[in-house]
Structures are given as structure tokens and as C-alpha cells.
Amino acid sequence: MRLRIVDDYEALSALAAQLVADLVRVKPEATIVAPTGETPQGFYAALARLHSQGAFDASRLRVFQLDEYVGVAPNDPRSFSSWIQRTLLDPLGVDDTRAVRLRGDAADLVAACRDYDEALRAAGGNDIVVLGLGRDGHLGFNEPPADATAPTRVVQLSAETRATLARYWERQDTVPSQALTCGMTNILAARNKLLLVSGEHKREILRRVMTGPVTPETPGAYLRESAGVTVIADVAAWPWPHPPSVAETTIPPHWRA
Ligand code: GLP
């Protein structure tokens with residue numbers, strides 16, 4: 001696991017965009033699994049800036065959405081599908097035929113998950129998954145308990161997660177109670193995993209992810225046992241005195257539980 005502890009949200013967003021742009025320059029046909037949430041918004045803006053400066057070619061990218069609400073159509077502005085459209089696909093000019101949606105409005109949700117996994121396999125696997133961190137340690141919508149083998153599936157959203165998402169809906173009771181999520185298996189199989197964590201409110205869960213027990217109760221902690229992981233956190237989210245150089249490092253043994 002690589003750690004990059006940076007000064008603030010802006011630096012986090014710029015670094016994440018730089019890493020993804022570098023990867024796409026080397027592999028223009030890369031597959032990227034893309035998240036929603038507040039955390040990655042600065043990253044998407046920074047990536048769009050790099051793209052408009054000609055830093056990389058996005059025309060051959062394949063974009064998979066990480067998760068989606070059940071019962072919400074892709075053209076609903078609150079859907080994660082349209083969120084990804086606005087923040088990533090449109091700014092980078094990625095053609096619709098190169099985007100793979102998780103269809104939360106599908107009549108057969110099990111088939112929708114199967115189609116998604118099949119498309120990921122057909123694309124040659126996942127080159128990079130960008131992740132935010134839920135306050136309960138979820139990745140995508142892999143709500144606890146979720147172990148490393150959890151497949152792409154329908155999940156029940158916890159009351160805590162629904163409360164956090166209420167700001168995007170009229171009222172808390174209109175937040176969908178179920179979602180589809182890219183499974184832990186696919187997330188952990190990605191060649192590169194980029195976890196973005198920003199803000200003081202993420203400090204406790206980041207501590208658990210970095211040093212707590214690796215159990216289904218903290219899905220994010222499985223990243224510690226996985227290869228190709230980079231965590232970018234700003235100092236507000238980082239639970240320890242940050243390394244003096246604020247440089248790239250690996251997690252010191254004494255931070256482990
Ligand atoms: C939602 C999304 C996650 C995201 C998490 C944290 O639950 N399904 O993919 O990582 O929120 O969001 P935020 O970045 O807004 O804190």
C-alpha cells in the first residue's frame with residue numbers, strides 16, 4: 001500500500017488526476033471504475049482540466065460506474081449514472097458506447113449485475129478503480145458486512161448511509177433503500193486501486209481502515225491485503241501526525257493494530 005498524505009483537498013484532487021492521467025497516457029484503452037460522492041468531484045475537475053490541456057487522450061477509455069441506486073433511471077439527475085455523465089464522460093468526451101452502466105432500473109437486477117461483470121471481463125479486467133470511503137468503511141456500496149469475495153449485487157443501504165445521502169434527495173425517506181454495487185471481488189481485482197479520503201469527518205474511519213481488524217465489518221480494510229493500492233489522504237483526514245516530508249511512504253509497522 002502506498003500512502004500519499006497531502007496538504008489539502010486541492011492537492012489530493014490534483015494528485016489523483018495526475019496519477020490517472022499518467023496511467024491513461026501509458027494505456028489509452030484503460031478501463032476505469034468511477035465513483036460518485038463529494039470526495040472525487042475535485043479529482044474529476046482536475047482530470048477534465050488536464051484533458052483540456054491535451055495531457056491525455058480519453059477517446060479509447062472504458063468507463064464503468066461503481067454503484068447505483070435501485071429503482072432510479074439513468075436519466076434521473078440524482079442517479080449515479082447521470083452524475084458520472086456530468087462529471088466524467090461529458091468533460092472528457094467519452095462516447096456513450098464506451099460507458100458501462102449499472103442499471104438500477106432493470107427489471108432483472110441479478111441479470112444487470114451479471115451483464116456488468118461480463119462487460120468488465122470482456123474489457124480485459126479493471127485497470128483502475130477510484131474509490132471514496134463511506135463513513136462505515138464501505139467501498140462503492142459494499143456496506144458492512146462485506147468480505148473480500150462479495151460479488152456485484154443488490155445491497156440494502158444502512159440507515160447511516162441513507163442519512164448521509166439525504167442531502168441529494170428531497171427528504172431522507174425518499175432516499176432509495178437499495179443499491180447495486182460493483183462487488184468487493186472486482187474492486188480488489190483491479191490492477192490499481194486509488195482511495196481518496198478527505199476531511200476531518202473521515203479520520204476515525206480511515207484509522208479503522210488503516211489499522212483496525214481486517215473483517216467484513218470494515219470493507220475498506222481489505223485494501224491492506226491487496227496489491228496496487230494507493231491511498232491519498234489530506235492532513236485533515238489523516239489520523240496521525242503526518243510524515244514530515246508529506247511524501248510518498250508505506251505504512252509503518254507500528255501503525256498496524
Ligand atoms: C456513497 C458512495 C460511495 C462513496 C461514499 C462517500 O455511499 N456510494 O462510493 O465513496 O458515498 O462519499 P463522500 O465522498 O461524499 O464522502
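Residues numbered from 1 in each chain as written. Predicted model: local features only at pLDDT ≥ 70, side-chain atom pairs only at ≥ 80, totals over all residues. Heavy atoms only, no water.

Draft legend 1. Structural detail: the site of the ligand. Near the ligand you find 13 residues, and of these Glu-38, Thr-39, Asp-67, His-138 and Lys-202 are the closest. The separation between an oxygen atom of the ligand and a polar main-chain atom of Glu-38 is 2.8 Å. At a separation of 3.4 Å, an oxygen atom of the ligand approaches a polar side-chain atom of Arg-167. Considered on its own, the ligand offers 390 Å² of accessible surface; in the complex 92% of this is hidden by protein. For the shell around the ligand, the per-class residue count stands at four nonpolar, five polar and four charged. (Near = heavy atom within 4 Å. Polar contact = N/O pair within 3.5 Å; in protein donor to acceptor, adjacent residues only side chain to side chain. Areas by Shrake-Rupley, 256 points an atom, 1.4 Å probe, with all protein chains shown as cover. Nonpolar A, V, L, I, M, F, W, Y, C, P; charged D, E, K, R; others polar.)

Draft legend 2. Molecular detail of the packing of aromatic side chains. Inspection of the entire model under this criterion finds nine aromatic pairs. Ring geometry for Tyr-69 versus Phe-80: centroids 4.6 Å apart, planes at 45°, classification tilted. In this pair, Tyr-69 is assigned in strand S4 (residues 67-69) and Phe-80 in helix H3 (residues 80-92), connecting sequence segments eleven residues apart. For the pair Tyr-69 and Phe-80, a shared accessibility class is recorded, and that class is buried. Ring centres 5.7 Å apart and planes at 20° place the aromatic pair Phe-80 and Phe-141 in the stacked group. Linking Phe-80 in helix H3 with Phe-141 in the loop between strand S6 (128-131) and strand S7 (153-156), this pair joins segments that are 61 residues apart in sequence. Positioned over the ring face of Trp-240 is Arg-207, at 5.7 Å from the centre of the ring. (Phe/Tyr/Trp six-rings, centres within 6.5 Å; stacked < 30°, edge-to-face > 60°. Helix = DSSP H or I, 4+ residues; strand = E, 2+ residues; numbered from the N terminus. Buried < 20%, exposed > 50% of the residue type's maximum accessible area, 1.4 Å probe, protein only. Lys NZ or Arg CZ within 6 Å of the ring centre and 35° of its normal.)

Draft legend 3. A look at unusual backbone geometry. Along the chain, Pro-144 connects to Pro-145 via a cis peptide bond; the corresponding omega equals 0°. Structurally, the position occupied by Pro-145 is in the loop between S6 and S7.

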